[in-house]
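Structural characterization, general
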Amino acid sequence: MPPTDTRYRIRVRMTPRAIDEPHRVSSPLELLFDLTFVVAVAAATGQFAHDVIDGHALAGLAPFLQVFFAVWWAWMNFTWFASSYDTDDVAYRLLTMVQMGGVLVLAAGVPAAADRSDYGAVTLGYIIMRSALVAQWLRAGVEDSAGRRTALRYAGGISVLQAGWILRLVLAETGNLPSPAQVPSFIGLAVLELAVPRWAERTTPTNWHPHHIAERYGLFTLIIFGESVLATSNGVDRALEAAELSGPLVIIAVSGLVLLFALWWLYFLPPAGEGLGDRRHRSYLWGYGHYGIFASLAALGAGLKVAVEQTGHDLNATPLAVCYAVAIPAATFVISHWLVHTPLFAEPVIHPAAALSAATAVLLLPLAAPRTGVAAVIAAIAGVCALMTAVTILPKAGRTRFHKISPVGPRRSAGEHYNPDRFNGTGV
C-alpha cells in the first residue's frame, strides 16, 4: 500500500486547514524561512547602529523603518497564508524557497538604501518575495473553490501594488520623483498594502489557526531578541578591541541583558493564542501592531550596540543621542505591547498607569546623560523596565499561566505530519 503521509506526496490539493487542529506547531520549513529573515533583520539593525554612531540617527531612521516594513510585511503575509493553506508539498516548498531568496536579495541592498537612498535591490528582493506569494494565492484560488474569491483578491491586490513599487523605483531612479515625495509615496503604497488583507477577506475569511499564529509571532520575536543580544555582544567586542574592560562597559552590558530579559518576560506573559481564539475579530490590530514591537526591538539592539561601543571609542553621536537610541525603542516596545495585547483580554496585561509611567520615565532619563554619563542612564532604563515587569507579574503570580511558544499538549512526533484530507476546511 502506498504511503499516505504528505512527505511522500509530490502534489496535494491546497485546501484550508482547520482552525481547531490540535497541537498545531510551526513546521521545519517555517523555521527555516524565519532563519533567512535573520539576515535581513541583522542588516537593518547593523546599518541603523552605524548611522547612530556617525551622528545621523534621524537621517537613518526613515530608511530603517522602510526596510523593516518590507521585511515585516513579507514575513507576516507568508505566516498568515501558511496558517491557512500550508500543504508542505513540493510546489509549496519551492515557492517558499523563492521567498527566502527574495529576503536575501533585500538584505544585500540595505547598505545602498541607507547610504545612497538606492532602493533597487531592496525593491527587487521585496518583489521576488511578493511574487512568490501571489503564485501561492493563485494556486489556492484554483484549488479551494470556497475561498476562491478571497484568494484571487489577495493575488490581484498584491500584484497591482508590486506594479506601484516598480513605478516608484523607476521614477526615483530617473529623477522624476523628487526627494521630498519619496517618503510620502512610500507611506501611500504601504497603507495600500495594509488594506489588501482587509479588502480581500471581506468575502470569506481565511482559516488561520490562533495558537499557530501566536507561536509564529513569538518565534519571530525571539529571533529579534536574539539579534539584539548579538548586536550588544558585537558592541562589547568592538569596545574591548579599543580599550580594556571598564566599569561603564560592564554596567551597560549587564543592564542591556536585564533590559532585554525584562521585555522578553513581559512579551510572553499573556497567552496570545487563547486571546486570538476568543477574539478573532481583533486579529488585525494584533497582527499589524506587531510592527511597532518588532521594529522597536530591532532598533533597541542597534542602540545597545552603540551604547556599549562608545565606552571604548569616541563617537560622533552625543551621550544624549546614544541614550535616546536605547530609550525611544524601549518606550515604544512598552506602549506597543500594551496597545496590541489589551484588546485580546478582559483584564489588561499591563495596567495602563504602569505602562505610561514606565514609558514616560524611560524617555525622560536620557536628559541626565550629560551629567551622569551613558552607563548610569542605561542602568536606570533597565531598572525602570524591570520594575514595571515585576509590578505586572507579582499581583498575578498565584494565578498566571505563562504564555508558551507552542500550544498546550503533546507535540507531533518527528515522523507525524499533517494530512489535509482529514479536515473539510470548515473550521469550528
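Report follows, based on the coordinates. (Residues numbered from 1 in each chain as written. Predicted model: local features only at pLDDT ≥ 70, side-chain atom pairs only at ≥ 80, totals over all residues. Heavy atoms only, no water.)

Some remarks on the packing of aromatic side chains
- For the coordinates displayed, the defined rule picks out 34 aromatic pairs.
- Consider the rings of F69 and Y291, whose centres lie 6.2 Å apart with planes at 70°: the pair is edge-to-face. Taken as a pair, F69 in helix α2 (residues 57-85) and Y291 in helix α11 (residues 283-309) lie far apart in primary sequence, 222 residues in all.
- The exposure class assigned to F69 is buried, which follows from its relative accessible area of 7%. (Phe/Tyr/Trp six-rings, centres within 6.5 Å; stacked < 30°, edge-to-face > 60°. Helix = DSSP H or I, 4+ residues; strand = E, 2+ residues; numbered from the N terminus. Buried < 20%, exposed > 50% of the residue type's maximum accessible area, 1.4 Å probe, protein only.)

Brief notes about the packing of helix α1 (residues 28-53) against α2
- Running from N to C, α1 and α2 point in directions that differ by 170°, and their axes come no closer than 9 Å. One way to sum up the angle between α1 and α2 is to call them roughly antiparallel. Residues E30, F33, D34, F37, A40, V41, A44, T45, F48, D51 and V52 of α1 touch α2, and the partners they reach there are A57, G60, L61, F64, V67, F68, V71, A74, W75, F78 and A82.
- For the contact of α1 with α2, the class distribution of residues is 17 nonpolar, two polar and three charged. (Axes fitted to C-alpha atoms, helices over the stretch in contact; angles between N-to-C directions. Parallel < 35°, antiparallel > 145°, perpendicular 65-115°, else oblique. Contact = heavy atoms within 4.5 Å. Nonpolar A, V, L, I, M, F, W, Y, C, P; charged D, E, K, R; others polar.)

Digging into unusual backbone geometry
- Its identity is not glycine, yet H23 carries a phi of approximately 60°, on the positive side.
- Tracing the sequence through the fold places H23 in the segment before α1.
- A residue is classified by how much of its surface remains accessible, and H23, at 29% relative accessible area, is partly exposed.
- Although it is not a glycine, D88 sits at a positive phi angle of roughly 55°.
- Summarising the element assignment, D88 is placed in the loop between α2 and α3 (90-108).
- Residue D88 is classed as buried on the basis of its relative accessible area of 14%.

Examining the nonpolar core
- V67, F68, L106, W137, Y217 and F294 are the most contacted members of the largest nonpolar core, which has 119 residues in total.
- Looking at this core element by element, the count peaks at 16 residues for α2.
- Not counting residues up to four positions away in its chain, the partners in contact with F294 are F68, W72, W75, Y217, F220, T221 and I224. (Core = buried A, V, L, I, M, F, W, Y, C linked by side-chain atoms within 4.5 Å.)

Fair warning: the whole summary comes from geometry, so function is off the table for now.
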